[in-house]
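# Observations on the model geometry
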Amino acid sequence: MEVLNSLLRRSLFFILLFFLFACDNDDGNAANQNQCTYQGFSYLDTNNNTTILIPEADLYTDFFISSSNGPEVEIYKTAQPGSFYFLTTTVGLNATGTGSLSLNGNVYNVNVVCQRTGNTVGDEMRFDLTANGLEAEFCVIIDRVQ
């Protein structure tokens, strides 16, 4: 009987651990979903789990109030313009759409969710990007409004 109780306690313990560690905190329901905890380009997963971090200080964010496509955001690397950029017209809070991400000579058409937005210098913006084999997140501060 004691062996059965011990086995039951261990099983319950492992089941509890499974539920604790299998929780996905980026399901859209987390309280801090729209808060930026990292400024810049925070991660990139291209099927081989490569991680690239670019701090916000190395990125420049232009917010175009009225481009030929409507409101638009362009984020690019300040040290090497043209080597890295992200462009989207998905700028409304909780809006979904598409964008273009250029990285290391590869251009990805990405799905975009705008989770934090603004339209003046100093405002914070957050974009979650996905594509086949790619996940990325931007948390940036608007540097220039045109």
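The residue numbers shown here count from 1 along each chain, following its written sequence. This being a predicted model, a pLDDT of at least 70 is required before a residue's local features are given, and a value of 80 or more before pairs of side-chain atoms are given or counted; all residues contribute to the totals for chains, interfaces and linings. Hydrogens and waters are ignored; side-chain quantities use all the structure's heavy atoms.

## Some details on the environment of Asp 128
Elements are defined by DSSP. Helices are runs of H or I of four residues or more, strands are runs of E of two residues or more, and each kind is numbered from the N terminus. You can see Asp 128 is positioned in strand S8 (residues 124-131). Working definition: with a 1.4 Å probe on protein chains only, accessible area under 20% of the residue-type maximum means buried, over 50% means exposed, and in between means partly exposed. Classification of Asp 128 by relative accessible area gives buried; the value is 12%. Counted as a polar contact is a pair of N or O atoms within 3.5 Å, where, for protein atoms, one must be capable of donating a hydrogen and the other of accepting one, and residues adjacent in sequence contribute only when both atoms are in side chains. At a separation of 3.4 Å, a polar atom in the side chain of Asp 128 contacts the side chain of Gln 115. Reaching out from Asp 128, the side chain makes a polar contact with the side chain of Arg 126 at a distance of 3.3 Å.

## Re unusual backbone geometry
At Asn 94, a residue that is not glycine, the phi angle is positive and equals roughly 65°. Mapped onto the fold, Asn 94 is located in the loop between strand S5 (84-88) and strand S6 (96-103).

## Description of the pattern of salt bridges
By salt bridge we mean one thing: a side-chain nitrogen of Lys or Arg within 4 Å of a carboxyl oxygen of Asp or Glu. Within the structure shown, the criterion is met by 4 salt bridges. As a salt-bridge pair, Arg 144 and Asp 62 come within 2.9 Å of each other at their nearest N and O atoms. Taken as a pair, Arg 144 in strand S10 (residues 144-145) and Asp 62 in strand S3 (residues 59-67) lie far apart in primary sequence, 82 residues in all. Residue Arg 144 is classed as partly exposed on the basis of its relative accessible area, which comes to 33%. Residue class for Asp 62 comes out buried when judged on its relative accessible area of 3%. The closest approach of N and O atoms between Arg 116 and Glu 124, which form a salt bridge, is 2.6 Å. The exposure class of Arg 116 is partly exposed, given its relative accessible area of 25%. A network of salt bridges, in which partner residues are shared, links Arg 126, Asp 128 and Glu 137.

## Some remarks on the pairing of S8
The element S8 is extensively covered by neighbouring structure, given that 6 of its 8 residues are classed as buried. Bridging between strand S7 (residues 106-116) and S8 involves 5 bridges; their strand directions are antiparallel. By the bridge assignment for S8, Arg 116 is matched with Arg 126. When DSSP finds two or more bridges between two strands, those strands count as paired. By the bridge criterion, 8 bridges tie S8 to strand S9 (residues 134-141) in an arrangement that is antiparallel. Across the sheet, Leu 129 pairs through a bridge with Ala 136, a residue of S9. What sits between S8 and S9 in their antiparallel hairpin is a turn of 2 residues, with Gly 133 showing a positive phi close to 75°.

## Quick notes on the confidence of the model for the protein
Per-residue confidence from the prediction method is given by pLDDT, with values spanning 0 to 100. Here the protein shows a mean pLDDT of 78. Residues at 70 or above account for 69%. Taken element by element, the protein is modelled with least confidence in helix H1 (residues 2-21), mean pLDDT 47, and with most confidence in S10, mean pLDDT 96. Note on contacts: a residue pair is in contact if any heavy atoms of the two residues lie within 4.5 Å. The model gives residues 12-32 a pLDDT under 50, and that stretch makes 7 contacts with residues more than four places away or in other chains.

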